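Secondary and tertiary structure notes
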Amino acid sequence: MPEQDELVHLTIDDHPIAVPKGTLIWAAARQLGIEIPIYCYHPKMEPLGACRMCFVEVERMPKLATACTTVVSEGMVVHTSSSKAQKGRRGTLEFLLINHPLDCPICDKGCECDLQDFTQRYGPGGSRFDVSKRHFPKPISVSEHILLDRERCISCFRCVRFTQDVAMENGLVMEERGYKNVIGVDPNAPFDSIFSGNVVEMCPVGALTSKSFRFTTRPWELKKTPSVCGMCAVGCNVRVDVRVDKVLRQYSRTNDDIDDGWLCDRGRWDVALINSPERLRTPLIRRDGALEPASWDEALRLVAARFGEIRERQGARAIGGIGSTHVTNEEAYLFQKLLRAGLGTNNVDHFHGRFPAAGKNDLPWVWTDSIAGLDGATHIVLLGTETYTRQPIVDLRVRKAIRAGARVWVVTPEPQRLDRLAAGTLRYAAGRTAAVARALLSIVASEGLARSEGEQTRVTAERVAAVAARLAGETPERLAERAGVDVAALRRLAREIAGSAGAVILYDELATRELGGETLAQDVLDLALLTGNFGKPGAGCGPLLGAANSLGARDMGVLPDMLPGYRPVTDPAARAALGGAWNASIPSDAGHDYDAMLSGVVKGLYVLGADPVRHASLEQRARLEALDFLVVQDLVLSETAQLAHVVLPAVAYTERDGTFTNTERRVQVVRAAMQKLPGARGDWEILVAVARALGLSWTYLDPAQILAEIGRIVPIYSGVTRRALGMEGLRWPLSPTEADGKRALAGSPFLTWEMLEQGVSRPASAGAGAGGELVTPSGRSE
Amino acid sequence: MAETIDTVAHDEQQLPLGPSPKFVTANIDVPGIDRLEVYRDHGGYQALEKALKGYQPEQLVDAVKKSGLRGRGGAGFPTGMKWSFLAKNTGKPSYLIVNCDESEPGTFKDRMLMELLPHEIVEGTIIASYANGVHHAFIYVRGELAYSGVQMERAVEEARAAGYIGQNLLGSGFDLEITVARGAGAYICGEESALMESLEGKRGYPRLKPPFPAVVGLYGGPTVINNAETIATIPAIVRYGADVYAAYGTEKSKGTRVYCLSGHVNRPGNYELPLGTPLRTLIEDYGGGMRGGKALKAIIPGGSSVPFLLPDQLDTPLDFEGIAAAGSMLGSGGVIVFDEDTCIVGAVARMSEFYRDESCGKCTPCREGTFWLVQLLERLEHGEGKASDIELLNDICDNIAGKVFCPLGDAATMSITSSIRLFRDEYLHHVRTGGCLVGPGARRVAVAT
Amino acid sequence: MISDDVKQQMREICARYPEPRSGTLLCLHLAQEQEGYITPEGIAAVAEVTGSKRDEIESVVTFYSMYFREPPGRYVVNVCTSISCYLGGCDHLLAHLEERLAVRRGETRADGRYTLRGVECLAACGMAPVLQVNGEFVERVTTESADALVDRLERGETVASAPGAWNVLADGRPQDTPTVSGASVAEDAAGSGRQQGEKAR
């Protein structure tokens, strides 16, 4: 945070205000609730001063000032609506309107158009323009998703500055000049950026419109709900725009800590599944080999009866559950609770469940820092990632870091879109990510690059020795050879990491599933620890996860060996605490994992929002077909559902409340943006109904109640409530002030050495931990 | 300690170099003066030697301050002061740009200097670089002036071969690289920040100020930009001394400048004269008076971006203050003369087209306003205008002037508002009769009031 | 085709600047000399040597008036139409050339021989009206001298580079009869700074 002592005092429309040095008049006025109209200015981009809409009169300045480019000064007296300022704005609007077609009745932007709004508020009553307007062919398709109407364009430069300066991708550019000036695309450089849709949202007029949205509705018919995008693990904050029973688009609901106000095209427009006519509207039961519609009652009774039979005949270990990374924390939590407390088994896992070979307390599941922390990194190493397609808005954040001077290394088997902007690229043999990481660690250990100054004094000789011992016999050369990469290049990279002021090392969670990938998470963590890239902002490491609630599924214990909050099932104290809260006894042995459950060891399987057939081998598929009983709960009749005995229709994330936890540990509230599809139910409702059919006395009335229970009994989620999460979410572990509903002042927490040594999953003694960031669940759990 | 550059006595009674010295164009008619040997034979590069060997950079900045030299590109900002504003110790290299993007209608002096006296520009560039601690200077030559570009490049190469460019110039320890760059057709690139954008390989959009180029300029480094004529004057100031230069001209507009005389005069051309020379002297004595014995109707004294003057202002001195007091601007020194047969509406329409075509399109009032103005002027010129168009022109100009991003938009309004003020009758005549008041297209019949 | 040789020249141009992108305008001139106009290949080559995205280069090309985006005629005749030439009768000259060259202003003749354009001030206001043929100045043009010029172009002659017909003397007094070297066509114009022949097209 900037020093607050450099405040500048000024007066805007007779209201005194003090703002930090360097604040623009526009921003200062905004703080006072005074609107100054803008077109070219965008708070996420540098001031441009092109549109001349934001005129204000500043005393003792001879000319009108543009509020979006003029920085406040001490004693400044600003008038935003003096007659001189009004004339300036009227003039600009008249100029903008002389070539604007005024086809508002058929314009998609109608009612959310800045030109309409500002003309109404600041414009001339009529136009004196009685000569000929410019005409262009229209609309022009500029990309797969976007149409351009050049007559409506007011040349505000927002879109071209976004594609060129923010996205740094091929896209829209200014062409020609002066009055002939148009925006366009180079026919030989297609506008295929995954960030393209932002230009539609930021266009202040209807010049850029979305093909899918075009002519579908008038914006005032939309129901707009603040929520969180469910497309990937970034968790961008969105506004879900729904017309009757269809999601038409998502718009950004700027959260600077995550998305910086941007969305990717998948998040914006990929609503096909939610709106799919293939959505299930009734439970299905297999009768005589075919799935047929059934009532909820019948389906639920059948599920309870069949699981009951299997448990009775073959024991609880013959039942298993495969969970999902797409359902909410509440649902993930209930799912494993149903398996553990209701059916008495730890056989619960999900496809991306395993992060093997995690050291005790070392938390390899989590990104030690945050998305916003990338802004302060001097080096970013992307190891085996495909951020552009898998976590697009993280990719965009990396681009922001590049603009700020960060050196980015793209270390991947295949070329990436980021390569062009990278300080360095390294290619290695597909499937050998772990060898690359281990080689880097080995170089750091063998070249004596481990640092131990300041906070890094915690890099003890023992830790270095432990790493050396683990890597014994594996030279950098041999590891590099295994990875199929030049060892000299790796040495350069390792030295850069070791010498950086702040490096962030990220890898894709998929890489941990590669052959030999079980060492990856620990090696990367040690690489960060030994090079001093831990426990401070703008540094760190961790996995980039794939799905909207990939981390939440783990946090909630959809794992065979971990209870919610990463407490081992083998830990009697953890079992006792949880069992007490649940009023149930939890089996003491680790359950079967995902692969085991597909190998025939279970007879009854409950698949929640997953589609294992898609990843299954022929043998695994045969095992699934041979199950005594298979329940699948999903939106559509997935490949796995087609094998099921019972199919339960669930709803999309836009149809229910809950929370997701994103890839940087941020727990965020997802809100129902529309009515549930008739006949389908929320996953949590289905789970409650199944539990009650099994004879459990679950009484959850809404997801908030489930979240409250999670906040009470899952230590890392201590203090999490809907109220505390607010509109922007909080990153676990919450500080005590955050849990009390106050925003932390100093930004998001990064993991500290205390957490590493003591473990965030352990209830700390009161007052322990630097910065009070350790979880203190005492007094909260029953 | 070296002798200071300004030791020559300032004697107002006796001008040191006679009444009309040529600081810039003294040797312009020497055959082959564009070649290094000939230029050297006529004293070329002696000023450079004097500067490098005898002076500290700050002394040179002081001398240029003392000379009173003001920028010859149009704005007339004191050159020495501009130099002294250059930010020091920013951690980034400083740059010098010589603005040879001459494009102002009515102005053709820089092209002449580049073609005939390229070494004078190069010598001035080297001295200015030394004075400003610049190690890489750029000479940005207007794209259309191919021959000028060739001349500048060759002069730079000759100077390099002679050891005036490169490492450790003349044993001074000073290193300098000079690169000749070319534009590609855009008037706006004469604006200093647009020029920097263009020099960085981009579209020539003017940049937001502040930061000013002296602090954040080319490649983000502190940058001095001087016009070609300004730079070409530097060797003479060093050679003769600041006081000698300052002995000419007026109190606030010192020295000489090259006036570009064009339009309806007998002898159009470039004339280097002391500032403060009356317009009448330039037009009548040097220009040989009005062509064909016609009467003078109007004068534009500083390129098409400045307001008109009338015949009764012929005794106005050609200096920044004198012309300003008369209601116009000295600008680039392009003096355009209009005779009695010129239809002002047609001429203004033509000048306005220039600004419409050359507007970069960045800011709304300039982009849209010049488009609208030209449509109105053309409709007036073609006899289809309305009386209300005249006030509309004035109000559009008011919505442009002072509200645009850079001076181009302001410039576009100058001839329009001043001509409406001075020649409203001609506009009204076009409205009433559909034709011109004067000249070959005159339509007098319908004037019945 | 942008040859390897030209690409090498482009790289050398870019190397003269602290940042290669500064070479963009010169490299585009070079590409245009090579191919006659700015082709997609030219843009690709300039993007490559300057380290730019090609849409950025495309955007730059369209800003500047000297880059042709379709093949121009063998002779590009640019007639200045700004104020001083306007006062000197350029409109009449341009109309005359339209007729003589059988092509309208702003267009290229169907046989690809001439492109005729009205352009903004060429910094030759003292020698108005003025035109350029393939970038070389021809000053104080009358309809008669324009016809003579076209006759020579028809014979396949070229206009050579030479200094303008500057009529300024050291004593500030004008010459009575200015030299017209700027209008010398083809013949010996071995002036001291003569450019090498016609640019490659």
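Just so you know, these numbers come straight off a predicted model, no measurement behind them.

1. Topic: the overall build of chain A
Helix and strand content of chain A: 24 helices and 30 strands. The C-alpha radius of gyration computed for chain A amounts to 28 Å, which stays within 12% of the reference 28 Å derived for 782 residues, consistent with globular compactness. Projecting the C-alpha coordinates of chain A onto the three principal axes gives extents of approximately 90 × 65 × 55 Å. A total of 782 residues make up chain A; the buried ones form 56% of that total. When contacts within chain A are restricted to residue pairs at least 6 apart in sequence, long-range pairs at least 24 apart make up 67% of them.

2. A few points about the interface of chain C and chain B
The partner chain B presents 69 residues to the 47 residues of chain C that form the contact. Listed by contribution, the elements that provide at least two residues to the side of chain C that touches chain B are helix 2 (24-35), helix 4 (54-63) and helix 5 (83-87) of chain C. Per-element accounting of the side of chain C that touches chain B gives the leading share, five residues, to helix 2 of chain C. A class-by-class count of the residues in the side of chain C that touches chain B yields 25 nonpolar, 18 polar and four charged.

3. Details of the interface of chain A and chain B
Listed as interface residues are 24 residues of chain A and, on the opposing side, 26 residues of chain B. Among the elements that line the side of chain A that touches chain B, the one with the most residues is helix 2 (residues 83-98) of chain A, at six residues.

4. Digging into the nonpolar core
Ranked by size, the top nonpolar core spans 449 residues in total, and within it Leu440 and Ile505 of chain A, Ile121, Ile127 and Ile139 of chain B together with Val130 of chain C carry the most contacts. When residues in this core are grouped by element, the largest group, 10 residues, is from helix 11 (residues 433-446) of chain A. With residues up to four places along the chain from it excluded, the contact list for isoleucine 121 of chain B reads Val98, Leu113, Met114, Ile139, Met152, Ala228, Ile231 and Ala232 of chain B.

5. Observations concerning helix 15 (residues 387-400) of chain B
The terminal C-alpha atoms of helix 15 of chain B lie 21 Å apart, and with 14 residues this matches the ideal 20 Å at 1.5 Å per residue to within 8%. Among all positions of helix 15 of chain B, only Asp389, Leu393, Ile396, Cys397, Asn399 and Ile400 of chain B are buried. Relative to the axis of helix 15 of chain B, the buried residues are bounded by an arc of 155 degrees and lie together on one face. The exposed residues of helix 15 of chain B that point more than 90 degrees off its buried face are Ser388 and Glu391 of chain B. Taken together, the buried residues of helix 15 of chain B touch helix 2 of chain A together with helix 14 (364-381) and helix 16 (407-433) of chain B. In the segment just after helix 15 of chain B, glycine 402 of chain B is the residue with positive phi, at about 80 degrees.

6. Re the sheet that holds strand 19 (residues 407-411) of chain A
Residues and elements named next belong to chain A. The parallel open sheet is built from five strands, whose spatial order is 20-19-18-21-22. Among the strands making up the open sheet, the edge pair consists of strand 20 (424-426) and strand 22 (540-544). Averaged over all neighbouring strand pairs, the angle between strand axes comes to 15 degrees, with direction disregarded. Looking at chain direction, strand 19 and strand 20 are connected through three bridges and run parallel. Note that in strand 20 the partner of valine 411 across the bridge is leucine 426.

7. Concerning the pairing of strand 2 (residues 136-141) of chain B
Residues and elements named next belong to chain B. Extensive coverage of strand 2 is indicated by the burial of six of its six residues. Taking every second residue as pointing to the same face, both faces of strand 2 are buried, with His136, Phe138 and Tyr140 on one and Ala137, Ile139 and Val141 on the other. Inspection of the sheet shows strand 1 (residues 95-100) paired to strand 2 by six bridges, in the parallel sense. Within strand 2, the position partnered with valine 98 by the bridge is isoleucine 139. Considered for its hand, the β-α-β crossover made up of strand 2, helix 7 (residues 146-161) and strand 3 (residues 177-182) is right-handed.

8. Description of the sheet that holds strand 16 (residues 319-322) of chain A
Residues and elements named next belong to chain A. On the basis of which strands lie adjacent, the open sheet formed by seven strands has the order 15-14-27-26-25-16-17 and mixed pairing. Edge positions in the sheet fall to strand 15 (290-293) and strand 17 (348-349), since each has one partner strand and no second. As judged from the five bridges shared by strand 25 (residues 604-608) and strand 26 (residues 629-634), these two strands associate in the parallel manner. The partner of tyrosine 606 across the bridge, within strand 26, is valine 631.

9. Some thoughts on the confidence of the model for chain B
Predicted coordinates in regions of low pLDDT should not be interpreted in detail. Residues and elements named next belong to chain B. Averaged over every residue, the pLDDT of chain B is 94; residues scoring 70 or more account for 96%. Ignoring residues within four places in sequence, the model shows residues 1-11, a span with pLDDT below 50, making 22 contacts including any to other chains. Interface confidence for the predicted complex, given as ipTM, is 0.94, next to a pTM of 0.92.

10. Digging into the pairing of strand 27 (residues 646-649) of chain A
Residues and elements named next belong to chain A. Burial of the side chains of strand 27 extends over both faces: Val646 and Leu648 are buried on one face and Val647 and Pro649 on the other. By the bridge criterion, two bridges tie strand 14 (residues 284-287) to strand 27 in an arrangement that is antiparallel. Bridge pairing links isoleucine 285 to valine 646 in strand 27.

So, how was this worked out
- Residues numbered from 1 in each chain as written.
- Chains lettered and ligands numbered in written order.
- Predicted model: local features only at pLDDT ≥ 70, side-chain atom pairs only at ≥ 80, totals over all residues.
- Helix = DSSP H or I, 4+ residues; strand = E, 2+ residues; numbered from the N terminus.
- Rg over C-alpha atoms; globule rule 2.2 N^0.38 Å.
- Buried ≥ 20, exposed ≤ 12 C-beta atoms within 10 Å, placed from the backbone.
- Contact = placed C-beta atoms within 7 Å.
- Nonpolar A, V, L, I, M, F, W, Y, C, P; charged D, E, K, R; others polar.
- Core = buried A, V, L, I, M, F, W, Y, C linked by C-beta atoms within 7 Å.
- Expected span 1.5 Å × (residues − 1).
- Arc of directions from axis to C-beta.
- Pairing = 2+ DSSP bridges.
- Axes fitted to C-alpha atoms, helices over the stretch in contact; angles between N-to-C directions.
- Right-handed = clockwise from strand over helix to strand, strands pointing away.
- pLDDT = per-residue confidence, 0-100.

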